[in-house]
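Chain by chain, the residues run as shown.
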Amino acid sequence: MQMTGLGIRRHLSTRASSALYDIWESTLDTVLRARLIERTTGILLSSGVVERVAVLVAEHPATDHVVTLLLESPGFDRMLDRILASEQLDRVVTQIAESDEVRDALRQQSTGMAEEVAGELRSRTAAADARLERLARSLLRRHSAPQETDLPNPNGR
Amino acid sequence: MGPAALPVYAGLATRGVAFVIDAAIVNAVAFAIAASASLALSIFGVSLDELPTGLSLAVGAGGWIVLNLAYFIGSWTLAGQTTGIRLMSIRIKRTNGDPLSFRRAVRRLIGSVIAAIPLFAGYLLILVDDRRRGLNDRLADTVVVFLTEEEKRHLRPTSL
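In this text, all values refer to a predicted model and were calculated from it rather than measured experimentally. (Residues numbered from 1 in each chain as written. Chains lettered and ligands numbered in written order. Predicted model: local features only at pLDDT ≥ 70, side-chain atom pairs only at ≥ 80, totals over all residues.)

## Looking at the overall build of chain B
No. 1: Summing up its helical and strand segments, chain B has 7 helices and 2 strands in all.
No. 2: Considering chain B as a whole, with its 160 residues, one finds that 30% of them fall into the buried category.
No. 3: Contacts spanning at least 24 positions in sequence make up 67% of the contacts within chain B whose residues lie at least 6 apart. (Helix = DSSP H or I, 4+ residues; strand = E, 2+ residues; numbered from the N terminus. Buried ≥ 20, exposed ≤ 12 C-beta atoms within 10 Å, placed from the backbone. Contact = placed C-beta atoms within 7 Å.)

## A word on the packing of helix H2 (residues 53–79) of chain B against helix H4 (residues 102–116) of chain B
Residue and element names in this part refer to chain B.
No. 1: Between H2 and H4, the shortest axis-to-axis distance is 9 Å and the interhelical angle comes to 130°. The pairing of H2 with H4 is recorded here as oblique in orientation. The two elements H2 and H4 cross, and the hand of that crossing is right-handed. Facing Leu69, Phe72, Ile73, Trp76 and Thr77 of H2, the residues of H4 in contact are Phe102, Ala105, Val106, Arg108 and Leu109. (Axes fitted to C-alpha atoms, helices over the stretch in contact; angles between N-to-C directions. Parallel < 35°, antiparallel > 145°, perpendicular 65-115°, else oblique. Left-handed = near helix turned anticlockwise from the far one by under 90°.)

## A short note on the pairing of strand S2 (residues 142–146) of chain B
On a regular strand, one side chain projects to one face of the sheet and the next to the other, so that they alternate.
Residues and elements named next belong to chain B.
No. 1: Of all 5 residues in S2, 5 are buried, a share of seventy percent or more.
No. 2: Burial of the side chains of S2 extends over both faces: Thr142, Val144 and Phe146 are buried on one face and Val143 and Val145 on the other.
No. 3: Where strand S1 (residues 90–94) meets S2, 5 bridges bridge the pair, whose relative direction is antiparallel. From the neighbouring strand, Ile90 faces S2, where its bridge partner is Phe146. (Pairing = 2+ DSSP bridges.)

## A few points about the interface of chain A and chain B
No. 1: On the chain B side, the residues contacting the 23 residues of chain A number 17 residues.
No. 2: Those elements that provide at least two residues to the side of chain A that touches chain B are helix H7 (100–140) and helix H8 (146–149) of chain A.
No. 3: The biggest single contributor to the side of chain A that touches chain B is H7(A), with 15 residues.
No. 4: Each residue belonging to the side of chain A that touches chain B can be placed in one class, and the counts come to 14 nonpolar, 3 polar and 6 charged. (Nonpolar A, V, L, I, M, F, W, Y, C, P; charged D, E, K, R; others polar.)

## Some thoughts on unusual backbone geometry
Residue and element names in this part refer to chain B.
No. 1: Backbone geometry places Leu119, a non-glycine residue, at a positive phi of 55°.
No. 2: Mapped onto the secondary structure, Leu119 falls in the loop between H4 and helix H5 (121–128).
No. 3: According to the C-beta neighbour criterion, Leu119 is exposed, with 8 such atoms within 10 Å.
No. 4: Phi at Asp141 is positive, roughly 55°, even though this residue is not glycine.
No. 5: Here Asp141 lies in the loop between helix H6 (135–140) and S2.

## Points about the confidence of the model for chain A
When pLDDT drops low, the exact placement of atoms in the prediction is not to be read closely.
Residues and elements named next belong to chain A.
No. 1: Here chain A averages 80 in pLDDT, while 89% of its residues score no lower than 70.
No. 2: Mean pLDDT across the elements of chain A ranges from a minimum in H8, with 50, to a maximum in H7, with 88.
No. 3: Every residue in residues 148–152 is under pLDDT 50, and counting partners more than four places away or in other chains gives 6 contacts. (pLDDT = per-residue confidence, 0-100.)

## Section: helix H2 (residues 36–47) of chain A
No. 1: The terminal C-alpha atoms of H2(A), which comprises 12 residues, lie 16 Å apart, in line with the 16 Å expected from a rise of 1.5 Å per residue.
No. 2: Of the residues one or two after H2(A), A:Gly48 is the one with positive phi, at around 85°. (Expected span 1.5 Å × (residues − 1).)

## Quick look at the nonpolar core
No. 1: Formed by 22 residues in total, the largest nonpolar core has its most connected members in B:Ile90, B:Val144 and B:Val145.
No. 2: Taken together, the elements giving at least two residues each to this core come down to helix H1 (12–43), helix H3 (83–87), S1, H5 and S2 of chain B. (Core = buried A, V, L, I, M, F, W, Y, C linked by C-beta atoms within 7 Å.)

## A word on the packing of H2(A) against H7(A)
Residue and element names in this part refer to chain A.
No. 1: Interaxial distance between H2 and H7 falls to 7 Å at its minimum, and their mutual angle equals 20°. In this view, H2 runs roughly parallel relative to H7, as classed from their interaxial angle. Taken as a pair, H2 and H7 cross one another with a handedness that is left-handed. In this structure, H2 uses Glu38, Arg39, Thr41, Gly42, Leu45 and Ser46 to contact H7, whose residues at the interface are Glu101, Val102, Asp104 and Ala105.
No. 2: Residue composition of the contact of H2 with H7, grouped by class: 3 nonpolar, 3 polar and 4 charged.

Structure, rendered in structure tokens:
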């Protein structure tokens, strides 16, 4: 039986899709096995490269234009739905979320933020200490305490 | 080695915030204990509501007082800091720099209660004292100072 031109094209297209999918699957397996994604993400997060690149990209004038074009293109929603529904994306996200490197980086960021908040609170209360004291002393017409005039920053900042 | 830095005494606002944090911690723990006790009693078919009011009050108030005694005296004696005080990077010590003994910590806690009775007037002394000492500090011969950079570095591994 002879295949028509259309049949040959369909056959080739199916084979090509199948081969591409196999390559994609095996590449993804290799990447996940080598813990490449979580290592790279951990390094990028802790080194601050991600923040620097994000700032550079966000401030570029062409970024706005490209983003608008992309969001308004008809194929974008379709592609997004397919990606979000894909099993591979679930695997990648799970792998990243469970990686020690990413968890460490997130923990460090949380600790840093908590310390920053506590430091800010200390600065503000130390300033309030001095203000309250000045008010009380002015009400009682007393001289300032020796330390009040030259109060070192309790945060050392 | 340079001369030792002068101590920076903590004022009313800093100490007030530290106290609020400590009060929140103690009350949260008290609430957790009461909830656990209630749950445990419910297994035996006893409800806290069924207990006589006097007994409930006595146990509740007694437990709360014991918890406060343990928290404040324990923290002051063992570390010179409660959690709230540590968060504010301050520390309680004797005026001569020594840490608080158990007896002095008890005296300070009693002083804290006495200072609070006349509408917290005993704490207003902090505003006019040269070393920012309240009535409780005067009674126990203590001061509350900000941690030095070296002390902060020393404490950092276990801090928040």
